[in-house]
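Here is how the chains run, residue by residue.
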Amino acid sequence: MVALAGVLLLALLLGAGLARLRYFRGDAFIACAVVLCVTLLLLFVALPVGKSLLGAFVDDEGLWSAQVLVERLGQERIWGLGCVAGGVRCGVAWNTLALALMTATGTTVLGALIALYAERGSRRLTRPLNVLALLPIITPPFVVGLGLILLFGRAGLVNQALEWAFDIPPTRWFYGLFGVWLAQMFAFTPIAFMILRGVVQGISPSVEEAAQTLRASRWKTFTTVTLPLMKPGLTNAFLVGFIESMADFGNPVVVGGQYAVLSTDIFFAIVGAQFDPGRAASLALLLTAFALAVFFVQQRVLGHAGYTTVTGKGDAGLAMPLPDGVRWLCLGVAGPWLAFTVVVYLFAFIGGFVQTWGRDYTPTLAHLRTAFDLQWGEHGLVWAGTAWNSLFTTVRLAAIAAPLSAGLGLLIAWLLARTQFAGQRAFEFGALLAFAIPGTVLGISYILAFNVPPFELTGTALIIVLCFVFRSLPVGVRAGSASLRQLDRSLDEASTVLRAGTATTLRRIVLPLLKPALVAALVYSFVRSMTTVSAVVFLVTAENELATTYIIGRVGNGDYGVALAYCTVLIVLMSLATLLIQRLVGERQLGRRGVQGH
């Protein structure tokens, strides 16, 4: 802890020294911020991940060799294409790419439709849409998988209905590519929605009114003005969805069946009987290469075009209502999807309040009492339930990590948008790197990097908080980057002309205009910290048991009722936390009127 504080203090002194030497325009705040962020990314992302990935070049005898990497990545299982009964079987690399592209496209389209309808459709439905769209993100991954299995599994309601109505025998058709894709769509669409909602809010009505003044129809205005101005949000949502899909472990394990992807192969290479960390590192290196490729494609798509829509000028124009075709598309696609979301969760949560799912549906609160029983003892209130300790620990650590992750993410986004310095692209990709690595690899990387002096953190609560912070960091960076592209630099310059310092400008001018991105970063960081599994499964100790490890332990013992009851409590708690965050941060005020009629 002392060594860490010393390194961060030295980073601040180095930043101040660079400012005195007239680097970063002589601005001490910017210089210190850049050096501090670079130091944090090097220490808690590049160092552990690099140390883990270097294992790809080490053979079984501990010798360095580039040939061993070629042999590990050149296997038939990774790149092979072959015909099997019922279709074509692809290698895990092609499986991962196909799934990631499908998920990123689907989540971006769905997130955009929900965001458009929430902001430009019926204002009466804005709040319900926000709640329903965010429901999957505040749910432990176990619940989504179980709800989908109860609906589409071999003994699920859909198969039972098909057998009853058409005499079609139950099969395992759901397990595989379709099942994983559907589960990932549930899990990652809310992230796209949170990123795109702020972008839709930021589009200036005046530019749409200018197009309509030139006799452009609503459809023409939407396709030539509104949609192009959403490009930063769309590309950032696609990038996050792609990387999230590649790094996802829980959904492929639960509903993947025989459909293997890189993240599951990495996990079983580490914890399976084979225990081949070199192979795991090689596959993780391949995942990183895929993420890097998509990152550069996104940069090329955005290019150097301008997307500024929020300036210092007053803008009391009316936001253009959606064209009829787009509005009906939003209703026709997003509406059923949100209704389907409600159905999945209803089936999943019922399991926590019946005796035994599938055999005895008698309502009971026994599972809830097992986890969260309260008793009045001789010395006062007794937290008698077995889950209280894990819940208190998880809430405490998540509450510490969320503001740190959101603040650091938005600061990095602002530096990338407003400052030019050498190595900026590498700096930006470094902020995304923890996203591209599967959680199990990141957890093991932290153990390898911080198990010895001078940074001996293994077994402490601090290493869990750091894992939470840097695992969630990319969402704040991408949400902030999308919103900052809409803010005119003249706002910063006007504040500077009035002799406000950089820190003051950031606090009083920029941050209030980034409220949607701040909400997205805070909500995502908090709920991801509350529900993450793979990244912390190797970091928890008896003193720092987390909610998800408690749930996984109950599932492993076949005690699904207690696990689902705990999940219900977590969802209620995270829903309240989300509402509290939105209330404390508030809405961004842009001086605009509502949407013209509906």
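Residues numbered from 1 in each chain as written. Predicted model: local features only at pLDDT ≥ 70, side-chain atom pairs only at ≥ 80, totals over all residues. Heavy atoms only, no water.

**A short note on the overall build of the protein chain**
Within the protein chain, the secondary structure is distributed over 26 helices and eight strands. For the protein chain, the proportion of its 598 residues judged to be buried stands at 54%. Residue pairs at least 24 apart in sequence account for 77% of intrachain contacts in the protein chain once pairs closer than 6 positions are excluded. Roughly 26,200 Å² of accessible area belongs to the protein chain as shown, and the carbon and sulfur atoms make up 65% of that amount. (Helix = DSSP H or I, 4+ residues; strand = E, 2+ residues; numbered from the N terminus. Buried < 20%, exposed > 50% of the residue type's maximum accessible area, 1.4 Å probe, protein only. Contact = heavy atoms within 4.5 Å. Areas by Shrake-Rupley, 256 points an atom, 1.4 Å probe, with all protein chains shown as cover.)

**Concerning the pairing of strand 6 (residues 374-377)**
Here strand 6 pairs with strand 7 (residues 380-383) via four bridges, running antiparallel. Along strand 7, the bridge assignment pairs glycine 377 with glycine 380. (Pairing = 2+ DSSP bridges.)

**Remarks on the packing of helix 2 (residues 28-53) against helix 20 (residues 439-449)**
Where helix 2 contacts helix 20, the axes come no closer than 8 Å and their chain directions differ by 95°. Viewed along their axes, helix 2 and helix 20 adopt a mutual orientation that is roughly perpendicular. Seen from helix 2, the contacting residues are Phe44, Pro48, Val49, Lys51 and Ser52; seen from helix 20, they are Val441, Leu442, Ser445, Tyr446, Leu448 and Ala449. Residue composition of the contact of helix 2 with helix 20, grouped by class: eight nonpolar, two polar and one charged. (Axes fitted to C-alpha atoms, helices over the stretch in contact; angles between N-to-C directions. Parallel < 35°, antiparallel > 145°, perpendicular 65-115°, else oblique. Nonpolar A, V, L, I, M, F, W, Y, C, P; charged D, E, K, R; others polar.)

**Structural notes on the packing of aromatic side chains**
One pass over the full model with this rule turns up 22 aromatic pairs. Ring centres of phenylalanine 238 and phenylalanine 242 lie 6.5 Å apart, and the angle between their planes is 20°; on these two criteria the pair is classed as stacked. In this pair, phenylalanine 238 and phenylalanine 242 are both assigned in helix 12 (residues 231-247), four residues apart and thus about one turn of the helix distant. Look at phenylalanine 238 and you get partly exposed, because its relative accessible area is 25%. Its relative accessible area of 1% is what places phenylalanine 242 among the buried residues. Taken together through their ring pairs, the aromatic side chains of Phe372, Trp383, Trp388, Phe392, Tyr550 and Tyr566 make up a single cluster. (Phe/Tyr/Trp six-rings, centres within 6.5 Å; stacked < 30°, edge-to-face > 60°.)

**Examining the nonpolar core**
Membership of the largest hydrophobic core comes to 93 residues, with the highest contact counts inside it found for Leu148 and Tyr566. Considering each element in turn, this core owes the most residues, 15 residues, to helix 9 (residues 177-202). Ignoring anything within four residues of it in the chain, the contact list for leucine 148 reads Gly153, Phe174, Leu182, Ala183, Phe186, Phe340 and Val344. Judged by nonpolar contacts, the second largest core, of 87 residues, contains Met246, Ile437, Leu442 and Leu457. (Core = buried A, V, L, I, M, F, W, Y, C linked by side-chain atoms within 4.5 Å.)

**Topic: a nonpolar patch on the surface**
On the surface, Val253, Val254, Phe268, Val271, Val537 and Phe538 cluster together into a nonpolar patch covering about 430 Å² of accessible area. When residues of the nonpolar patch are traced back to their parent elements, those giving at least two are helix 13 (250-255) and helix 14 (262-271). With respect to the secondary-structure elements, valine 271 resides in helix 14. Looking at valine 271, the relative accessible area reads 37%, which means it is partly exposed. (Patch = residues over 30% accessible without salt bridge, like charges linked within 9 Å, V, L, I, M, F, W, Y side chains within 5 Å. Salt bridge = Lys/Arg side-chain N within 4 Å of Asp/Glu carboxyl O.)

**Considering unusual backbone geometry**
Unusually for a residue other than glycine, arginine 22 sits at a positive phi of about 75°. Looking at the element boundaries, arginine 22 is found in the loop between helix 1 (2-20) and helix 2. Positive phi, close to 60°, is recorded for arginine 25, a residue that is not glycine. In this fold, arginine 25 is placed in the loop between helix 1 and helix 2.

**Notes on helix 10 (residues 205-213)**
Residues of helix 10 that are buried: Pro205, Glu208 and Ala211. For helix 10, the arc enclosing every buried residue in end-on projection is 120°, short of the 170-degree limit, so these residues lie on one face. Directly beyond the C-terminal end of helix 10, a positive phi value near 70° is found at arginine 215. (Arc of directions from axis to C-beta.)

**Some details on the side chain of serine 445**
Tracing the chain through its elements places serine 445 in helix 20. Beyond its immediate stretch of four places on either side in the chain, serine 445 contacts Pro48, Val49 and Ser52.

**Notes on helix 20**
For helix 20, the tally of buried residues reaches eight of 11 residues, placing the bulk of the element in the interior. The complete set of buried residues in helix 20 reads Gly439, Thr440, Val441, Leu442, Gly443, Ser445, Tyr446 and Ala449.

**A few points about the environment of cysteine 467**
Assignment of secondary structure puts cysteine 467 in helix 21 (residues 461-484). Note on cysteine 467: relative accessible area 1%, which makes it buried. Sequence spacing of cysteine 467 and valine 45 is 422 residues, and the spatial spacing of their C-alpha atoms is 9.4 Å. Other than its neighbours up to four places away in sequence, cysteine 467 contacts Leu442, Tyr446, Ala535, Val536 and Leu539.

**Points about the pattern of salt bridges**
Inspection of the entire model under this criterion finds five salt bridges. Salt-bridge contacts for aspartate 324 lead to arginine 218; the nearest nitrogen and oxygen are separated by 3.7 Å. Of this pair, aspartate 324 sits in helix 16 (residues 324-350) while arginine 218 sits in helix 11 (residues 218-229), placing them 106 residues apart in sequence. A residue is classified by how much of its surface remains accessible, and aspartate 324, at 41% relative accessible area, is partly exposed. Classification of arginine 218 as partly exposed rests on a relative accessible area of 31%. For arginine 279, the salt bridge is made with aspartate 265, and the minimal N-O distance between the two is 3.4 Å. Note that arginine 279 is positioned in helix 15 (residues 277-302) and aspartate 265 in helix 14, a separation of 14 residues in sequence. Aspartate 265 shares its class with arginine 279; the two are buried.

**Notes on the confidence of the model for the protein chain**
Per-chain confidence: the protein chain averages 80 in pLDDT, with 89% of residues scoring 70 or above. Taken element by element, the protein chain is modelled with least confidence in strand 8 (residues 593-595), mean pLDDT 50, and with most confidence in helix 18 (residues 388-418), mean pLDDT 90. Note that residues 83-87 has pLDDT below 50 and, in this model, three contacts with residues that lie over four places away or in other chains. (pLDDT = per-residue confidence, 0-100.)

**Section: the packing of helix 2 against helix 18**
Geometry of a packed helix pair, given as the angle between the helix axes and the separation of the axes. Viewed as axis vectors pointing N to C, helix 2 and helix 18 meet at an angle of 120°, and their least axial separation amounts to 11 Å. For the element pair helix 2 / helix 18, the angle class is oblique. Considering the relative orientation of helix 2 and helix 18, their crossing is left-handed. Mapping the contact onto sequence places Phe29, Ile30, Ala33, Val34, Cys37, Leu40 and Leu41 in helix 2 and Leu408, Leu411, Ile412, Trp414 and Leu415 in helix 18. Residues that form the contact of helix 2 with helix 18 fall into these classes: 12 nonpolar, no polar and no charged. (Left-handed = near helix turned anticlockwise from the far one by under 90°.)

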